[in-house]
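So the chains spell out like this:
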Amino acid sequence: MAELIVALDVQTRAEAIEKVEAIGDGVGFYKVGMELFTAEGPDVVRALKDLGKKVFLDLKFHDIPRTVERAVRSGGKLGADLITIHSTGAKEMIRMARLAADEFGSDGPRILAVTVLTSLDQSDLADVGVAGRTPAEQVQAMARFAIDNGAHGVVCSPREVGSLSRALPFGTLFVTPGVRPAGAETGDQKRVATPADAVRDGATHLVVGRPILAAGDPPEAARRILAEMASV
Ligand code: C5P
């Protein structure tokens, strides 16, 4: 059964907690990204854990292996349930991230790899030295590389999740943003899928921000998405 993660793309801890309380018991998983974490620090994660929520700490670590290992350990101590790293940090960095996560046992964080940022096109890839592969080919190659080196899963667009879930081992996590219920505003998301499509294609976690946070009735918006996910 896929899980819904609400992206807390707000600037203050007070606003974050207000949103979480407004959404209520229906949603048990929240994403804290760079914007909120840089503003409010680890206290926001502690506050979510105190409310009994799971936390996706989306800080996209990319550094030398020792630093990433220690950052993942810090995230594990905070109680983060999912932590992102960049697959381009290479083998040793991914392995060290996984080893640090494993120190926490079965309740520890799961490591998610970012393959290619969806904001990059072919010419951007060429600029950073990736030549001879399309973005789609690079996504496939980096996802395989990350999983082979210990990542538990990947962050991927709804467009990629079908082919990745067919190619990667059973049990791999597929965390998919860019999800929009039918008829919803797409905002700046260009490649969107409905919650049901994403789950049907193999997503294990859907990340949804504005369609819930900006809805007139956030708990109802979340309930509808959960119902659509459950219908698959
Ligand atoms: O508001 P919305 O539903 O578009 O929020 C999606 C969340 O997922 C945001 O936090 C965004 O940064 C994140 N994300 C994304 N696309 C990616 C990677 C992450 O939308 N390729």
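Structure shown above.
Residues numbered from 1 in each chain as written. Predicted model: local features only at pLDDT ≥ 70, side-chain atom pairs only at ≥ 80, totals over all residues. Heavy atoms only, no water.

Engineer: I'd like to hear about a negative patch on the surface, residue by residue, with values.
Structural biologist: Together, Asp-9, Glu-15, Glu-18, Glu-21 and Glu-35 make up a region of like negative charge exposed at the surface. A total of 3 residues in the negative patch trace back to one element, the largest contributor, which is helix H1 (residues 13-23). Secondary-structure assignment places Glu-18 in helix H1. Classification of Glu-18 as exposed rests on a relative accessible area of 56%. (Patch = residues over 30% accessible without salt bridge, like charges linked within 9 Å, V, L, I, M, F, W, Y side chains within 5 Å. Areas by Shrake-Rupley, 256 points an atom, 1.4 Å probe, with all protein chains shown as cover. Salt bridge = Lys/Arg side-chain N within 4 Å of Asp/Glu carboxyl O. Lys, Arg positive; Asp, Glu negative; His and termini not counted. Charge placed at Lys NZ, Arg CZ, Asp CG, Glu CD. Helix = DSSP H or I, 4+ residues; strand = E, 2+ residues; numbered from the N terminus. Buried < 20%, exposed > 50% of the residue type's maximum accessible area, 1.4 Å probe, protein only.)

Engineer: Tell me what's going on with the side chain of Asp-81, and back it up with residues and numbers.
Structural biologist: Looking at the element boundaries, Asp-81 is found in the loop between helix H4 (65-78) and strand S4 (82-86). On the basis of relative accessible area, Asp-81 is assigned to the buried category, the value being 15%. Within the structure, the side chain of Asp-81 is placed 2.8 Å from the side chain of Lys-49, a separation counted as a polar contact. Not counting the four nearest positions on each side in its chain, Asp-81 is found in contact with Phe-29, Lys-49, Lys-54, Val-55, Gly-108, Pro-109 and Arg-110. (Polar contact = N/O pair within 3.5 Å; in protein donor to acceptor, adjacent residues only side chain to side chain. Contact = heavy atoms within 4.5 Å.)

Engineer: How would you summarise the site of the ligand if you had to cite specific residues and measurements?
Structural biologist: In the vicinity of the ligand, the residues found are Ala-7, Asp-9, Lys-31, Thr-118, Pro-177, Arg-180, Gln-189, Val-207, Val-208, Gly-209, Arg-210 and Pro-211. In this structure, Thr-118 approaches the ligand through a side-chain N or O atom, which is 2.7 Å from a nitrogen atom. Starting from 460 Å² of accessible surface for the ligand in isolation, the protein chains cover 78%. Listing elements by their share of the shell around the ligand, those giving two or more residues are strand S8 (205-208) and helix H10 (210-213). Residues belonging to the shell around the ligand are distributed by class as follows: 5 nonpolar, 3 polar and 4 charged. (Near = heavy atom within 4 Å. Nonpolar A, V, L, I, M, F, W, Y, C, P; charged D, E, K, R; others polar.)

Engineer: How would you sum up the environment of Arg-95? Please name residues and give values.
Structural biologist: Turning to its location among the elements, Arg-95 is positioned in helix H5 (residues 91-102). The class of Arg-95 is partly exposed, set by a relative accessible area of 39%. For the pair formed by Arg-95 and Gly-76, sequence separation is 19 residues and the distance between their alpha carbons is 16 Å.

Engineer: So what about the environment of Thr-67? Which residues, and what values?
Structural biologist: Locating Thr-67 in the fold gives a position in helix H4. For the pair Thr-67 and Val-45, spaced 22 residues apart in sequence, the C-alpha to C-alpha distance is 20 Å.

Engineer: Quick rundown of helix H7 (residues 135-148)? Include the residues and the values.
Structural biologist: The end-to-end C-alpha distance of H7 is 20 Å, a good match for the 20 Å that 14 residues give at a rise of 1.5 Å each. Turning to H7, its buried residues number three or more, namely Gln-138, Val-139, Met-142, Ala-143, Ala-146 and Ile-147. Angular distribution of buried residues about the axis of H7 spans 155°; they occupy a single face of the element. Packed against the buried residues of H7 are H5, strand S5 (110-114), helix H6 (122-127), strand S6 (153-155) and helix H8 (158-167). (Expected span 1.5 Å × (residues − 1). Arc of directions from axis to C-beta.)

Engineer: Residue-level account of the pattern of salt bridges, with values.
Structural biologist: Counting across every chain of the model gives 14 salt bridges. For the salt bridge of Arg-13 with Asp-43, the shortest nitrogen-to-oxygen distance reads 3.8 Å. Of this pair, Arg-13 sits in helix H1 while Asp-43 is found in helix H3 (residues 43-50), placing the two residues 30 residues apart along the sequence. With relative accessibility at 35%, the residue Arg-13 sits in the partly exposed group. A salt bridge links Asp-197 to Arg-200; its shortest N-O distance comes to 3.1 Å. One end of the pair, Asp-197, and the other, Arg-200, are both in helix H9 (residues 195-200), 3 residues apart, so they sit about a helical turn from each other. Look at Asp-197 and you get partly exposed, because its relative accessible area is 34%. In this structure, a network of salt bridges that share partners links the residues Arg-13, Asp-43 and Arg-46.

Engineer: Hey, could you go over H1 for me, with residue numbers and the actual values?
Structural biologist: For H1, the set of buried residues is Ala-16, Ile-17, Val-20 and Ile-23. Looking straight down H1, one finds its buried side chains confined to an arc of 125°; they lie on one side. In H1, the exposed positions that point more than 90 degrees away from the buried face belong to Ala-14, Glu-18 and Glu-21. Those residues of H1 that are buried are in contact with strand S1 (3-7), strand S2 (29-33), helix H2 (34-40), H3, H10 and helix H11 (218-230). With its phi angle positive at about 80°, Gly-24 sits one or two positions after the end of H1.

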